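Tertiary structure, described
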Amino acid sequence: MSESTKVYLDQVDNGYCFPVIQTMIGKDILENYARVMNSNIRFSRNSAPIVPPAAIASITIGELLSSINLPPGSIHMSEEIISRSELEVGKKINVEVVLKNKSVREGYMLISLVFNIKNEANTNIIIEAKTVLMIPQESTGE
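Residues numbered from 1 in each chain as written. Predicted model: local features only at pLDDT ≥ 70, side-chain atom pairs only at ≥ 80, totals over all residues. Heavy atoms only, no water.

**Notes on helix H1 (residues 27–37)**
Turning to H1, its buried residues are Leu30, Tyr33 and Ala34. For H1, the angular spread of buried residues about the axis comes to 95°, placing them on one side. Seen from the open side of H1, the exposed residues pointing more than 90 degrees away from its buried face are Asp28, Arg35 and Val36. Each element contacted by the buried residues of H1 is listed here: strand E3 (49–50) and helix H2 (53–65). The first or second residue beyond H1 is asparagine 38, which carries a positive phi of 55°. (Buried < 20%, exposed > 50% of the residue type's maximum accessible area, 1.4 Å probe, protein only. Helix = DSSP H or I, 4+ residues; strand = E, 2+ residues; numbered from the N terminus. Arc of directions from axis to C-beta. Contact = heavy atoms within 4.5 Å.)

**A look at the environment of leucine 30**
Within the fold, leucine 30 resides in helix H1. Sequence-distant contacts of leucine 30, defined by excluding residues within four places in its chain, comprise Ile41, Pro49, Ile50, Val51, Pro52 and Val89.

**Regarding H2**
Count 3.6 residues to each turn of an α-helix, and residues three or four apart come out pointing the same way. Given a rise of 1.5 Å per residue, 13 residues ought to cover 18 Å, and the 18 Å separating the end C-alpha atoms of H2 matches this to within 8%. Of all the positions in H2, only Ala55, Ile56, Ala57, Thr60, Ile61, Leu64 and Leu65 are classed as buried. Buried-residue contacts for H2 involve strand E1 (21–24), H1, strand E4 (75–83), strand E5 (92–105), strand E6 (108–119) and strand E7 (125–136). (Expected span 1.5 Å × (residues − 1).)

**Some points on the nonpolar core**
Among the nonpolar cores identified, the biggest contains 31 residues, and Leu9, Phe18, Ile56, Leu64, Ile111, Leu113 and Phe115 are the most heavily contacted of them. Looking at this core, the elements with two or more residues in it are H1, H2, E5, E6 and E7. If we ignore the near neighbours within four places in the chain, the residues touching leucine 9 are Phe18, Ile68, Leu70, Leu99, Lys102, Met109, Ile111, Leu133 and Ile135. (Core = buried A, V, L, I, M, F, W, Y, C linked by side-chain atoms within 4.5 Å.)

**Description of unusual backbone geometry**
Even without being glycine, asparagine 38 reaches a positive phi, approximately 55°. Mapped onto the fold, asparagine 38 is located in the loop between H1 and strand E2 (42–43). Residue asparagine 38 is classed as exposed on the basis of its relative accessible area, which comes to 71%. Look at threonine 123: it is not a glycine, yet its phi comes out positive at around 60°. Examined against the element boundaries, threonine 123 turns out to sit in the loop between E6 and E7. Residue threonine 123 is classed as exposed on the basis of its relative accessible area, which comes to 55%.

**Structural notes on the pattern of salt bridges**
Applying the stated criterion across every chain yields a total of four salt bridges. Note that arginine 84 is salt-bridged to glutamate 128, the shortest N-O span being 2.8 Å. Here glutamate 128 lies in strand E7 and arginine 84 lies in the loop between E4 and E5, a separation of 44 residues in the sequence. Since its relative accessible area comes to 25%, glutamate 128 is described here as partly exposed. (Salt bridge = Lys/Arg side-chain N within 4 Å of Asp/Glu carboxyl O.)

**Digging into the side chain of lysine 6**
The topology assignment puts lysine 6 in the segment before E1. Reaching out from lysine 6, the side chain makes a polar contact with the backbone oxygen of serine 66 at a distance of 3.3 Å. (Polar contact = N/O pair within 3.5 Å; in protein donor to acceptor, adjacent residues only side chain to side chain.)

**Let's talk about the sheet that holds E5**
If you walk across this open sheet you meet the five strands as E1-E5-E6-E7-E4, and the pairing is antiparallel. Taken across any chain shown, the strands that pair with only one partner, and hence form the sheet edges, are E1 and E4. The mean inter-strand angle of the sheet, taken between neighbouring strand axes irrespective of direction, is 25°. Helix-sheet contacts for H2 involve E1, E4, E5, E6 and E7, and the interaxial angle to E4 is about 135°. (Pairing = 2+ DSSP bridges. Axes fitted to C-alpha atoms, helices over the stretch in contact; angles between N-to-C directions.)

Next up, the structure:
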C-alpha cells in the first residue's frame, strides 16, 4: 500500500469509518498460527478447521494497521475481544472499523478503534473487538 493511500490518524475525527477490509483466513495461515502459538486446531461439527478468535483479531488488526500511517514510536497498547460465533477456515469476512475516540495526553495521541468482524456470507458478527493505539504527537503534526 502506498503512503498516499494510507490513513493519517491526525487527519480524521471521532466516528471515522475506515474502508471495509474484505479478507479470508486460509488453511496455511491457520496452520502457521497454530504452530507459532503451539496450539491444536479445533474442528467444527462438519469437520472444517475453526479459526481461533485471537487469530482472527490479530490478523485483521494487522491488516488494518498496514493501512494506517504509523510513525516510529507507535504502540498497540491493548485489545479486547468478544467472540460471537465461529469462523471456519476459508470463509470470507468483512472487517468494519470505526475510530471511537481520539485524544491527546502528555505528548501522545491515544486512538481507540472498534472492530466488527462479520461473516461475509450471512453478515453474522463473528467478533467484536476494541483496540487502543498510542502515537507520539510530535510525529503526527498536531
